[in-house]
Amino acid sequence: MMEYVGLFLLYFFAGSQGIEQGSLEAVKTFDGALEHWCFVDKTLMIKDFFKYSHMLVTAPRLFGKTVITDMLHKFYQMEVKEDGEVISPDETANFKLFRRRNFKFLPKRKFISSNIMQYPTIRLNLGNVAADRLREVQMHFKRLVWNAFKQYAYLLHCCRYLDTERYKDAVGTPDLNYIMHTDVSILEYQPQIRTKFFQYYELEKVLQLDDVALVGGLRFLTELIFQHHDIKLFIFIDGYDSFLESIIVDEGDEHREIVAFVKNFFNAFMRNSEFIEKVFVTGNTDFGAFLFEDIQDFKYFNFIEEHKFSNYFGLTETEFTNLAKKNKNKTIATPEMALYYGGYKKIKCEANFINIFSTMVA
């Protein structure tokens, strides 16, 4: 499908000293990172991620978790027209994004052609869910669910159950044969399902949802998406533990309720799901890993331990040195300064890892 694919990731998220005005927000995305002078090739993450079904990867702040999540999402995300027809990958902006440069480290050509933009996805960014009151956390999650449903607005016009028996149970109509061989949407034909969809599609209604309806929203959506495309979903969750920062030192009743709510939310649509293929979660620490303990086949990759994904978050000292050599006209800290301001040493190995922010502002 394409001869070369390469991804360069920028690990820079906060602060502005040493960065061109207006570039900070841009480099929080994969395509923005590609345009910046300060990049490192982390391409093979795309393929290594594919080997696991459910995984949580942790790394400190400023170590590129959001950019990596955005990279994976853009590579795997299927794009769909308003009428529900899947767009050919080579007609999309994301496909062209992955072909813009010839980079050194390239995924296998067969893997690319088989997987690029082939999966329906849901991405949840929890990085802004910093609240210490249950109602505030619930409001954040309601907006996350609403945004997910807005992404799949085309289901209102073209969603069809591909499983005949499941469809028959849901619709309960003698006109099943007609529906299964036309473009009639199940949401248009079945008022109850359409009404349920609009519970999550219209913001005013979403904000009125009770806990039971809220935590069941994504389970309902993943089923509709799967039945329409007959392909299991990829789920991307960035900054899963942001809300924990506000309550970690307090064991009050309300904070325990927050933890229970978030755990129930994740379990409701990911545990034993027949509609989800892969889940990729990032966070600063594994302190909240217990949130996923009831979900089967969940693998944990802690930053401070050496593992397969160690080199994908932050800069190794070798990468830092090469970056400095390529950008002699830029102001870059010495290795000692960079390590002091933003360096970490792995347990059981001698490698040091640096966040790129410290290389420019130390």
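All figures in this text were calculated on a predicted structure; none of them were measured in a lab. (Residues numbered from 1 in each chain as written. Predicted model: local features only at pLDDT ≥ 70, side-chain atom pairs only at ≥ 80, totals over all residues. Heavy atoms only, no water.)

**Considerations on the sheet that holds strand E5 (residues 233–238)**
Okay, step 1: An order of E4-E5-E6-E3-E7 is seen for the five strands of this open sheet, with the pairing classed as parallel. Both edges of this open sheet fall to strand E4 (121–125) and strand E7 (298–301), since each of them pairs with a single strand only. Put simply, the sheet's adjacent strands are angled 10 degrees from each other on average, direction ignored.
Okay, step 2: As judged from the five bridges shared by strand E3 (residues 54–58) and strand E6 (residues 276–283), these two strands associate in the parallel manner. Looking at the pairing, Val-57 lines up with Thr-282 of E6.
Okay, step 3: Contacts between helix H4 (residues 65–76) and the sheet are confined to E4, E5 and E6, with E5 contributing the most and set at about 165 degrees to the helix.
Okay, step 4: In this fold helix H15 (residues 217–229) packs onto E4, E5 and E6, with an angle of close to 155 degrees to the strand it touches most, E4. (Pairing = 2+ DSSP bridges. Helix = DSSP H or I, 4+ residues; strand = E, 2+ residues; numbered from the N terminus. Axes fitted to C-alpha atoms, helices over the stretch in contact; angles between N-to-C directions. Contact = heavy atoms within 4.5 Å.)

**Describing the pairing of E5**
Residues in a regular strand point their side chains to alternate faces of the sheet.
Okay, step 1: Most of E5 is tucked away, with six of its six residues classed as buried.
Okay, step 2: By the alternation rule, side chains of E5 split into Leu-233, Ile-235 and Ile-237 and Phe-234, Phe-236 and Asp-238, which are all buried.
Okay, step 3: In the sheet, E4 pairs with E5 via five bridges, with the strands oriented parallel. Bridge assignment links Asn-125 to a residue of E5, and that residue is Asp-238.
Okay, step 4: Bridge count between E5 and E6: five bridges; the pairing is parallel. Looking at E6, one finds that Ile-235 is bridged to Val-279. (Buried < 20%, exposed > 50% of the residue type's maximum accessible area, 1.4 Å probe, protein only.)

**Concerning the packing of aromatic side chains**
The geometry of an aromatic ring pair is captured by the separation of the ring centres together with the interplanar angle, meaning the angle of the planes.
Okay, step 1: Enumeration over the complete set of coordinates arrives at 38 aromatic pairs.
Okay, step 2: For the ring pair Phe-261 and Phe-265, a centre distance of 6.4 Å and an interplane angle of 40 degrees mean the geometry is tilted. Here Phe-265 and Phe-261 lie together in helix H16 (residues 253–270), a separation of four residues that amounts to about one turn. With respect to class, Phe-261 is no different from Phe-265; both count as buried.
Okay, step 3: Geometrically, the ring pair formed by Phe-265 and Phe-269 is edge-to-face, given 6.0 Å between the ring centres and 70 degrees between the ring planes. (Phe/Tyr/Trp six-rings, centres within 6.5 Å; stacked < 30°, edge-to-face > 60°.)

**Quick notes on the environment of Asp-132**
Okay, step 1: Checked against the element boundaries, Asp-132 lands in the loop between E4 and helix H7 (134–151).
Okay, step 2: For the pair Asp-132 and Glu-245, spaced 113 residues apart in sequence, the C-alpha to C-alpha distance is 8.8 Å.

**Some details on the confidence of the model for the chain**
Okay, step 1: Residues with a pLDDT of 70 or more make up 70% of the chain, whose mean pLDDT is 77.
Okay, step 2: pLDDT under 50 marks residues 1–24. Its contacts with residues more than four places away, or in other chains, come to 99 contacts.
Okay, step 3: Here residues 161–182 scores under 50 on pLDDT; set against residues more than four positions off or in separate chains, the count is 38 contacts. (pLDDT = per-residue confidence, 0-100.)

**Observations regarding the pattern of salt bridges**
Okay, step 1: Applying the stated rule across the entire model yields eleven salt bridges.
Okay, step 2: For Lys-263, the salt bridge is made with Asp-294, and the minimal N-O distance between the two is 3.7 Å. With Lys-263 in helix H16 and Asp-294 in the loop between E6 and E7, this pair connects stretches of sequence that are 31 residues apart.
Okay, step 3: By relative accessible area, Lys-263 is classed as buried at 18%.
Okay, step 4: Within this structure, Asp-31, Asp-70, Lys-74 and Arg-123 form a network of salt bridges that share partners. (Salt bridge = Lys/Arg side-chain N within 4 Å of Asp/Glu carboxyl O.)

**Section: the packing of H7 against H15**
Okay, step 1: Where H7 meets H15, the closest approach of the two axes is 10 Å, and the angle between their N-to-C directions is 15 degrees. As judged from the angle between their axes, H7 and H15 are roughly parallel. The chirality of how H7 crosses H15 is left-handed. Of the residues in H15, those touching H7 at Val-145, Ala-148 and Phe-149 are Gly-217, Leu-218, Phe-220 and Leu-221. (Parallel < 35°, antiparallel > 145°, perpendicular 65-115°, else oblique. Left-handed = near helix turned anticlockwise from the far one by under 90°.)

**Some thoughts on the side chain of Lys-74**
Okay, step 1: By secondary structure assignment, the location of Lys-74 is in helix H4.
Okay, step 2: Non-local contacts of Lys-74, meaning those with residues more than four positions away in its chain, are made with Phe-30, Asp-31, Asn-94, Leu-97, Phe-98 and Met-117.

**Focus on the packing of H15 against H16**
Okay, step 1: The N-to-C vectors of H15 and H16 enclose an angle of 20 degrees; their axes lie 7 Å apart at closest approach. In terms of their interaxial angle, H15 and H16 are classed as roughly parallel. Our pair here, H15 against H16, has a crossing hand that is right-handed. Touching Leu-218, Arg-219 and Thr-222 of H15 are Phe-265, Ala-268 and Phe-269, all from H16.
Okay, step 2: Residues belonging to the contact of H15 with H16 are distributed by class as follows: four nonpolar, one polar and one charged. (Nonpolar A, V, L, I, M, F, W, Y, C, P; charged D, E, K, R; others polar.)

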